Amino acid sequence: IMSTGTPVTNRPKLDAQFISKLAERDVDLVVLEELSTSPEFGDYFSALAFGRPVFGTAVDAWHSLNDGLLGETDLLFVFDSNEGQRIALLIENKIDAPPQPNQAERYSLRGENGKQKGLWDDFVTIILAPARYLESTHNNAGYAAEISYEELMAFFLSRRYGEPRCGYKAKVIREAIEQNRRG
């Protein structure tokens, strides 16, 4: 049977979630890929963290770095600023899990530790989560910056026509926001 290329519009739609159970790691890997491959995203993300453009050149990005004493950093992004400083973004990602005791403080200590070792000149601790999560002050207390999933989704949506993969990534982030809403 030959296809005419005309879509059949009267078919029933599959009633299912895009991703049945989204985990924080899924969002981590979307963000990690963008920080590792897209200077435009690195610029956007770091400007959200600092409230102004600071990005120069990416150095590298890592996922799930563990310090035996100070715990885990979900994402670490290191870049050289447009002012010549080496900057680290230490990112805690949350969909709906409650914060761990002293989690923000341990992020700051890991940042200071890297600074003392000469790995970077300055750092910012960030909590990345759905806006609804961030609205609860006990969830984000102690981080230097907040970045919402909605801000990430806006970035991807604004590029979805030029880069179809951005539409997919916006869909992943939207599913994480919906999962947080559903609880």
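Residues numbered from 1 in each chain as written. Predicted model: local features only at pLDDT ≥ 70, side-chain atom pairs only at ≥ 80, totals over all residues. Heavy atoms only, no water.

**Comments concerning the sheet that holds strand β5 (residues 145–148)**
- Strands sit in the order β1-β2-β3-β4-β5 across an open sheet of five strands; the sheet is mixed. Whereas interior strands pair on both sides, the edge strands pair on one side only; in this sheet they are β1 (55–67) and β5. Put simply, the sheet's adjacent strands are angled 25 degrees from each other on average, direction ignored.
- Here strand β4 (residues 122–129) pairs with β5 via four bridges, running parallel. (Pairing = 2+ DSSP bridges. Helix = DSSP H or I, 4+ residues; strand = E, 2+ residues; numbered from the N terminus. Axes fitted to C-alpha atoms, helices over the stretch in contact; angles between N-to-C directions.)

**Side note on the packing of helix α1 (residues 24–37) against helix α7 (residues 164–182)**
- Across the interface, α1 lies against α7 with an axial gap of 10 Å and an inter-helix angle of 145 degrees. When the axes of α1 and α7 are compared, the crossing they make is left-handed. Residue-level contacts link V27, V30, E33 and E34 of α1 to R165, K169, V172, I173 and A176 of α7.
- Class assignment of the residues belonging to the contact of α1 with α7 gives a composition of five nonpolar, no polar and four charged. (Left-handed = near helix turned anticlockwise from the far one by under 90°. Contact = heavy atoms within 4.5 Å. Nonpolar A, V, L, I, M, F, W, Y, C, P; charged D, E, K, R; others polar.)

**Description of unusual backbone geometry**
- If you check the backbone angles, S64 has positive phi at about 55 degrees while not being a glycine.
- With respect to the secondary-structure elements, S64 resides in strand β1.
- One non-glycine residue with positive phi stands out, namely N102, at about 55 degrees.
- Tracing the backbone shows N102 in the loop between β3 (86–93) and α3 (103–116).
- For N102, a relative accessible area of 53% corresponds to the exposed category. (Buried < 20%, exposed > 50% of the residue type's maximum accessible area, 1.4 Å probe, protein only.)

**Remarks on the packing of α1 against helix α6 (residues 149–157)**
- Where α1 meets α6, the closest approach of the two axes is 13 Å, and the angle between their N-to-C directions is 50 degrees. Here α1 is positioned oblique relative to α6, judged by the angle of their axes. Note that α1 runs across α6; the crossing there is left-handed. Contacts from V27, V30, V31 and E34 of α1 reach α6 at Y149, L152, F155 and F156. (Parallel < 35°, antiparallel > 145°, perpendicular 65-115°, else oblique.)

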